[in-house]
Amino acid sequence: MSTRTESVETPAGEARITWHTARKAGLMLAVSHGAGGGIEARDLQALAAALPAHGITVALVEQPWRVAGKKVAAAPKVLDEGWHGLWPALAKPGLPVVAGGRSAGARVACRTAAALGAAGVLALAFPLHPPGRPEKSRAEELLGAGRPTLVVQGGRDPFGRPEEFPPGGSYTLVEVPYGDHGFAVPKKADVTQEAALALITESVAEWLTALEV
């Protein structure tokens, strides 16, 4: 695996891609961060470390607002513009690209996947609704992705527990037991933090490997 960082100009400003390139890649996973953090998130780092060994290149994407050092995420329309602007750089290696993200980044991936021709969507900690506001559902974004979708959700995520997700959708859902919105698990849980991250990486690797592209 080789690693490099690339700056990309988009209509929303300068974005940044950190490539974790597999030696014999057959697929690329492009994943972005949420509204409250960056690509240092434990799940994104775990995927970047694990997937290249499976022949999957991982591109960790930092949205322009994050690169600019702002503390508050841009509006959804601006996030989508940034993702659209990044896409040619992601597609340049010539591999099928799965669009992904955590939290707000997952929403962006769902909203733009069909228009960009993504091979699939990975939604990590999809924010189904604001905490304590289940009536403010964002299920339409998930259900409207129009591409094969994998949702990885913490069992105690206040933005939507696995059992709250609508049935019958064209997506696969993997639960991370005891995980919160950042997939942190309590020390007293009968699942360790390492096991929780292993579940994420193994589930994503298996799903991506089986994806028909």
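Computed from a predicted model, the values in this text were never measured in an experiment. (Residues numbered from 1 in each chain as written. Predicted model: local features only at pLDDT ≥ 70, side-chain atom pairs only at ≥ 80, totals over all residues. Heavy atoms only, no water.)

1. As for the pairing of strand β7 (residues 149–154)
Put simply, the rule is: Here's how the labels work: a residue is buried when its accessible area is under 20% of the maximum for its type, exposed when over 50%, partly exposed in between, all with a 1.4 Å probe on protein chains only. For the purposes of this entry, the term helix denotes a DSSP run of H or I that reaches at least four residues, the term strand denotes a run of E that reaches at least two, and both are numbered from the N terminus. By this definition, two strands are paired if DSSP reports at least two bridges between them.
Within β7, six of the six residues are buried, which leaves it mostly tucked inside the rest of the structure. Of the two faces of β7, the one lined by Thr149, Val151 and Gln153 and the one lined by Leu150, Val152 and Gly154 are each fully buried. Taken together, the four bridges between strand β6 (residues 120–124) and β7 define a ladder with parallel strand orientation. Bridging from a neighbouring strand, Leu124 pairs with Val152 of β7. In terms of strand pairing, β7 meets strand β8 (residues 171–176) through six bridges, oriented parallel. Among the inter-strand pairings, Gln153 is bridged to a residue of β8, identified as Glu175.

2. Observations regarding the environment of Val67
The cut-off we apply is this: Contacts are residue-level and defined by heavy atoms, with any inter-residue pair within 4.5 Å sufficient.
Relative to the elements of secondary structure, Val67 occurs in helix α2 (residues 64–67). Taking relative accessible area as the criterion, Val67 reaches 21% and is therefore assigned partly exposed. Note: C-alpha distance between Val67 and Asp43 (24 residues apart in sequence) is 20 Å. Residues within four places of Val67 in sequence aside, it is in contact with Glu14, Ala15, Arg16 and Glu62.

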